[in-house]
Amino acid sequence: MTTVSFRMEGDRLTGVTLRGHSGWAQEGSDVVCAAVTSAIRLTECAVNDVLGLGAAVKIREKDASLSLKLPGGLGEANEQFCQNLLTALMVYCTQLQEEYPGNVFVEEAD
């Protein structure tokens, strides 16, 4: 199962970690894993490339996991944009959980 953990500091989304393979299909052919991974990578591209924040957000890959962490001090407009992106990512992952309940689990963590 793929576990998607959204990190919170109060009301602020600070990052997301994706762990494990969904088990929907074999590794390399798993559209559920690909959907979650693709969404996280799109979020990273929006922050770094569209907002032009350079390497403000880094994707770390290690042992079947991906991690994205927002830095502090983004400024009001960039912070709001990033919060909207992470909220959209959370909604999307929750929808995947509803569609594939045995393959995706979404949680909030401190």
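The structure contained in this document is the topic of the report that follows. These numbers were taken from a predicted model, which means no experiment stands behind them. (Residues numbered from 1 in each chain as written. Predicted model: local features only at pLDDT ≥ 70, side-chain atom pairs only at ≥ 80, totals over all residues. Heavy atoms only, no water.)

### Remarks on the nonpolar core
Logical step 1: In terms of nonpolar packing, the biggest core is built from 27 residues, with Val4, Phe6, Val16, Val36, Ile40, Leu89 and Cys93 touching the most fellow members.
Logical step 2: Secondary structure elements with two or more residues in this core: strand S1 (2-9), strand S2 (12-19), helix H1 (31-50), strand S4 (65-69), helix H2 (76-99) and strand S5 (104-109).
Logical step 3: Setting aside anything within four residues of it in sequence, one finds cysteine 93 in contact with Val4, Phe6, Val36, Val104 and Val106. (Core = buried A, V, L, I, M, F, W, Y, C linked by side-chain atoms within 4.5 Å. Buried < 20%, exposed > 50% of the residue type's maximum accessible area, 1.4 Å probe, protein only. Helix = DSSP H or I, 4+ residues; strand = E, 2+ residues; numbered from the N terminus. Contact = heavy atoms within 4.5 Å.)

### Concerning H1
Logical step 1: Turning to H1, its buried residues number three or more, namely Val32, Cys33, Ala35, Val36, Ala39, Ile40, Thr43, Glu44, Ala46, Val47 and Asn48.
Logical step 2: Positive phi appears at glycine 52, one or two residues downstream of H1, with a value of about 75 degrees.

### Describing the pattern of salt bridges
Logical step 1: Summed over the entire model, instances satisfying the criterion amount to two salt bridges.
Logical step 2: Of the charged contacts in the structure, one is a salt bridge between glutamate 107 and arginine 19, with a shortest N-O distance of 3.5 Å. Of the two residues, glutamate 107 sits in strand S5 while arginine 19 sits in strand S2, which places them 88 residues apart along the sequence.
Logical step 3: Using a relative accessible area of 36% as the deciding quantity, one classes arginine 19 as partly exposed. (Salt bridge = Lys/Arg side-chain N within 4 Å of Asp/Glu carboxyl O.)

### Digging into the packing of H1 against H2
Logical step 1: Contact pair H1 / H2: the axes reach a minimum separation of 10 Å and the direction vectors enclose 175 degrees. With respect to H2, the axis of H1 lies roughly antiparallel. Every residue of H2 that contacts H1 at Ala35, Val36, Ala39, Ile40, Thr43, Ala46 and Val47 is listed here: Phe81, Cys82, Leu85, Leu86, Leu89, Tyr92, Cys93 and Leu96.
Logical step 2: In terms of residue class, the contact of H1 with H2 is built from 14 nonpolar, one polar and no charged. (Axes fitted to C-alpha atoms, helices over the stretch in contact; angles between N-to-C directions. Parallel < 35°, antiparallel > 145°, perpendicular 65-115°, else oblique. Nonpolar A, V, L, I, M, F, W, Y, C, P; charged D, E, K, R; others polar.)

### A closer look at the packing of aromatic side chains
Logical step 1: A full pass over the atoms with the stated rule returns one aromatic pair.
Logical step 2: Judged by centre distance (6.2 Å) and plane angle (85 degrees), the ring pair of tryptophan 24 and tyrosine 100 falls under edge-to-face. Taken together, the residues span a long stretch of sequence, with tryptophan 24 in the loop between S2 and H1 and tyrosine 100 in the loop between H2 and S5 at a distance of 76 residues.
Logical step 3: Residue class for tryptophan 24 comes out partly exposed when judged on its relative accessible area of 43%. (Phe/Tyr/Trp six-rings, centres within 6.5 Å; stacked < 30°, edge-to-face > 60°.)

None of this, on its own, says anything about what the molecule does.
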